[in-house]
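# Structural overview for review
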Amino acid sequence: MQRSSWRLNGELVRGRLVLLLCVVLVHAGRSDDAAVAAPEWTHGELAYRVPVTVSTFGVGENDAPVHVRLNFTPMLGEGEKLDPGSFRVVEYDARTGARLGEAPCLFQPVDDVWPGPQPLNWQAPDDPAAAPNAVASSENPEHPVRALIERDGFWEAGSATPPWSAAIDLGEIRMVNAIMARPLNDGRGQHAPNDVDIEVATESGDGLTEGNWERVGGWKGLSAPYIFGMLRPVFFSPRPVRYVRAVIHSSTGQQPRLGGLDVYRPLWNPDERAEGRVSWIVPGRTEQPRLFCIYFGSVGEAGPSPTAVPERVAIIQEAEEAVNTRQPSGVSFGGKFDASASGPTTPNMLSVFWKQDVFRFPAGFAVTIPRTDAYTIAFRIRGNPGDHGLGVLLDGSEIYQGVFCLEGQDWNVVSLPLLTLEEGVHHLDFYMRLGAGGLPMDFDVVTLVNAAELAINQGLRAKPGAPEVRP
Amino acid sequence: MRGWAAVTFWLLVSLCSWGAAGEGEAMIRVRTLYPTGNLKLWVSDDGVAWRFVDDSTAFFRAAVTGGAHDDYRFLLPALPAFLRVGITGAVLGRVSIDSIDVTVGGQPEPVLAWSTSGTVLFPERCREQDDRPAILVHRGEEETVTGLVLRFAPGGRVQGPPAALPAKYGVYTGPRDDSDALAAAIAWWDFTVFQEGRALEACVRKVKAINPAHRVILRLVLPQRSFLLYAYDAESRDAIRRQVVDSYFGAFAELVDTVTLSEEEPGIMFRGIYNATLVPREVHFWKHKYEEERGEMFTWPPTAELNLWLGEKFEWMLNDLYDYVHERYPGIKVYQWVELRGFGNHSGHAEYVNGDTLKMDGYVLEWSGFNHQKLVDTPGGKAAARISYLKNYLTNLKERRGIDASEVLGQAWAFEPESRDTFEQIEEIRELGISSIYFFFPSAAMPGAFELYGRNDSPSWQYGEAVWRKLKPMIEAERAESGN
């Protein structure tokens, strides 16, 4: 009886305390609102800006990278085109609006467009004589090369000796930025191409051997988990292409098979939709939310000198932007939004679960390296505590094979050893295993920095506000 | 690494006799906060030269298949002066170690000093069981060990490796042609296990002309699924004898030191039998013999009795060929390569042949670098036991057949970059007293003449060539030291 009375009193006291706290917080919030001043417009030569609030995941950070991905076209005036060299990032005092300093930033047009549209090489079923067309150096009559444009069956080379080639003629020059090859095997590991060059051309007399072919990617010497049941993607900056071919120098045994050589245009025309990422290193210590403004202008505007690539850069990709290269997928990617993950989209992480620790789940990214340098590749991830098998490929070649260890069930940041990366567009593949336990694997974000390590605890997140036009 | 085999042997002996003996044995208990298969243990007498003894693979395997995460226990035959617990190689991230303690004969053993190797956060925390861990931070460096080092007053020193015998090195290859370049490359070795090849005789003659001391070992080629025909049809038996023996090497028998009866058997002889859904005709043809001899109906898939019968016939063929070679060429040794029942196989092939009655002058042993780790019950809980297939097999050959290690060829694999390190295999083979070591390079190529075999840039070839770049000067240095 006495104990119940105490509990009752305790609850009453707690309730009153909560109420009091709410009143104080509401009052404090209003006080803050009243004190916030609009940041001054410190780049008068630039017509547009987007305020961005940078905050932690509950853990303070030092000199941590952050990014936002935005479509800048709707922010511009009619007829204007984004000037990609105009970007500036300025920090302001969140309360007074006073300028605190400028952070070197990197703008990159979006390069990892998942080729959602129908492949350009798929033939219209009602007009088989029209382009696209396919030719090969040889073919098994039962598995002709036309399979690559007819969406049915597969191509198997007819000759016993390499090299073997299969090419697609789109019929006209198109803008292309991705090619997905689908190597096949016969279930016993035979027939899979494992030394392949993917090449493109705008001109070719015979559509197969002659012309101005250039290599845009490929793979070589990969072990079975990276080939069997996988798409092998190649990404590159959008470029004019009419012909695409796969030149196969060796297979896992017997004549090679391809189940697809799909050619994709960029998801949108970069001239019509200026979508890109702005990233920068947030200087000093971050504990509380900080206010930044991203300034930009249009082409022809009398803006500042073009932005140079900063000394230290961060290329950040959200895991929800990853390319799923397992075909058929056989696994599901969870669709929930998680407030503890970075990225504003829904869902904002890649979540994978399977009943056993048998598969290595793929997550692929196209990444543009702005400058040749030594980079640390790090990823934020959570899942079963303990070991997880890991393989990492860069442009179809294995750069890491081993394990990563997760502590606890919260997000971990795992860094690969330092690696020199060449300037340009690359494809980065992670293959991970679930480990011991019943938790899914949640993959949040991958970050590349040209530093010996990514010295962060949990990282930072950025929330863009409404765009503003110069008064 | 040297000496780990001895340590493992002690470990096995200790585990087998746990509860009866145990005096002087050290139980290492490591509590990690999360499951890992990459925790490794090394021991040392001086804190400088380390020997790997075990890892947590078996514990992690148990966790992946639903087992609870528990303490990791390792049983050592004696308390070392130094113990290192840590991670190395392709491991990214952090491993949290809550505590490490050591008991000898069930009594806690005081740690005289603690130190660290690599990046370890809060190392002092691993001295108590309180869920506040020391954290090992590793970035996948192959050459770095990240971990904790414990120093004890040792109760017994870790036994060092036995003095290794001078080794003879060879290769397994096929003479594709009789070119001088290939012959010279082969002749560089101390011995060769020759596959069949287009220019076998011519190549062997050239090799012996260049290096008369070169030991020529021929792998004989038995026709697949022929053992029943061999057993029951005398005319076929004679034909097979001539084909396998006389026609194959009779013309240059004076150059041959040893022959092996096929390889990796019964994987070749029984291919198409042990995994056949329908009875193969080479077997079905003789089913009346089975029914006559065993007095029971022939059925397929085979019963255990039928498999025994098949094995007996194959063994009879091998023994007959052994006698035939000795009768015709008395100076030539005959080695077996067939999986012996109950000797510790690893190939996955069925164990058809009775190793206790098979005739042999020596044996070809392939399984270097293969270890099987299992968890065994001890009074303190599950402990890891690491079992070497190679050691198991060699022990059986010695004890059950009296085969000396000098009559064993030890194979080291030199084309698997993601698997067993070739040089660790060499150490393992030598420490067991096997002095004839041969290498299986990618595509059975001759490393001194890789280009003759259509080399490519695949990982296995790259690895094979990397091994060769290191192996060649190592062998040359050993030869210079021994005056050969």
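See above for the structure.
Heads up: these notes are all about the structure in this document. (Residues numbered from 1 in each chain as written. Chains lettered and ligands numbered in written order. Predicted model: local features only at pLDDT ≥ 70, side-chain atom pairs only at ≥ 80, totals over all residues. Heavy atoms only, no water.)

### Side note on the overall build of chain B
Of the regular secondary structure elements, chain B holds twelve helices and 21 strands. Across chain B, the mean location of the 51 positive side-chain charges is 1 Å away from that of the 66 negative side-chain charges. (Helix = DSSP H or I, 4+ residues; strand = E, 2+ residues; numbered from the N terminus. Lys, Arg positive; Asp, Glu negative; His and termini not counted. Charge placed at Lys NZ, Arg CZ, Asp CG, Glu CD.)

### Notes on the pairing of strand β14 (residues 290-296) of chain A
All names here are of chain A. Here β14 lies mainly inside the structure; seven of its seven residues are buried. A two-sided burial pattern is seen for β14, the buried positions comprising Arg 290, Phe 292, Ile 294 and Phe 296 on one face and Leu 291, Cys 293 and Tyr 295 on the other. Pairing analysis gives seven bridges linking strand β1 (residues 48-56) to β14, with the strands arranged antiparallel. Across the sheet, Arg 49 pairs through a bridge with Tyr 295, a residue of β14. By the bridge criterion, five bridges tie strand β3 (residues 88-92) to β14 in an arrangement that is antiparallel. Pairing of Arg 88 across the sheet is with Tyr 295, part of β14. (Buried < 20%, exposed > 50% of the residue type's maximum accessible area, 1.4 Å probe, protein only. Pairing = 2+ DSSP bridges.)

### Notes on the side chain of Gln 411 of chain B
Residue and element names in this part refer to chain B. Note on placement: Gln 411 falls in strand β20 (residues 408-413). A polar atom in the side chain of Gln 411 sits 2.6 Å from the side chain of Tyr 438. In this view, Gln 411 contacts Trp 337, Leu 365, Glu 366, Ser 368, Gln 425, Ile 429, Tyr 438 and Phe 440; residues no more than four positions away in its chain are not counted. (Polar contact = N/O pair within 3.5 Å; in protein donor to acceptor, adjacent residues only side chain to side chain. Contact = heavy atoms within 4.5 Å.)

### Side note on the interface of chain A and chain B
Counting residues at the interface gives 28 residues for chain A, matched by 21 residues for chain B. When the two sides are added together, the surface that chain A and chain B hide from each other amounts to roughly 1800 Å², 54% of it contributed by carbon and sulfur. The largest per-residue losses of area from chain A upon contact with chain B belong to Asp 387, Cys 405 and Glu 407 of chain A, which jointly make up 32% of the total buried on that side. The tally of links from chain A across to chain B stands at one salt bridge. A salt bridge links Glu 407 of chain A to Arg 94 of chain B; the shortest N-O distance between them is 3.9 Å. At the surface where chain A touches chain B, the tally comes to 13 residue pairs in polar contact (both at pLDDT 80 or more). Elements supplying a minimum of two residues to the side of chain A that touches chain B: β20 (386-394), β21 (397-406) and β22 (412-415) of chain A. Among the elements that make up the side of chain A that touches chain B, the one with the highest residue count is β21 of chain A (eight residues). Looking at the side of chain A that touches chain B, its residues break down into 13 nonpolar, nine polar and six charged. (Buried area = accessible area lost by both parts, 1.4 Å probe. Salt bridge = Lys/Arg side-chain N within 4 Å of Asp/Glu carboxyl O. Nonpolar A, V, L, I, M, F, W, Y, C, P; charged D, E, K, R; others polar.)

### A look at the sheet that holds strand β11 (residues 145-151) of chain B
Residue and element names in this part refer to chain B. Taken together, the five strands give an open sheet; going across it, the order is β3-β2-β5-β11-β8, and neighbouring strands pair in antiparallel fashion. Looking along the sheet, the strands with just one partner apiece sit at the ends: β3 (51-55) and β8 (113-117). Across the sheet, the axes of successive neighbouring strands diverge by a mean angle of 25 degrees, strand direction being ignored. Strand direction decides the pairing type here: strand β2 (residues 40-44) and β3, joined by four bridges, are antiparallel. Paired with Val 43 across the two strands is Arg 51, which belongs to β3. (Axes fitted to C-alpha atoms, helices over the stretch in contact; angles between N-to-C directions.)

### Thoughts on the nonpolar core
If you look at the biggest cluster of nonpolar residues, it comprises 95 residues, and the most contacted ones within it are Trp 189 and Phe 249 of chain B. Among the elements that line this core, the one with the most residues is helix α9 (residues 304-328) of chain B, at ten residues. (Core = buried A, V, L, I, M, F, W, Y, C linked by side-chain atoms within 4.5 Å.)

### So, the sheet that holds strand β2 (residues 61-71) of chain A
Strand pairing in a sheet relies on backbone hydrogen bonds, with the paired strands running either antiparallel or parallel. All names here are of chain A. Taken in spatial order, the three strands line up as β2-β13-β5 in an open sheet, and their pairing is antiparallel. Each edge of the sheet is formed by a strand with only one pairing partner; in this case those strands are β2 and β5 (105-109). Pairwise comparison of adjacent strand axes, ignoring direction, gives a mean angle of 20 degrees for this sheet. Relative to strand β13 (residues 275-286), β2 is paired through ten bridges, and the arrangement is antiparallel. Pairing of Val 68 across the sheet is with Val 278, part of β13.

### Description of the layout of surface pockets
Considering only enclosed or pocket space, the second largest pocket measures out at about 790 Å³ in volume. What lines the second largest pocket is a set of 33 residues, among which Val 413, Leu 454 and Ile 456 of chain A together with Arg 94 and Val 137 of chain B lie closest to the centre. Breaking the lining of the second largest pocket down by element, the ones donating at least two residues are β2 and β22 of chain A together with β6 (91-104) and β10 (134-139) of chain B. It is β22 of chain A that contributes the most residues to the lining of the second largest pocket, four residues altogether. A class-by-class count of the residues in the lining of the second largest pocket yields twelve nonpolar, 13 polar and eight charged. (1 Å grid on protein atoms, 1.4 Å probe; cavity = no way out; pocket = protein on both sides within 12 Å on 5 of 7 lines; lining within 4 Å. Points joined across faces, edges and corners; volume = space filled by probe spheres on them.)

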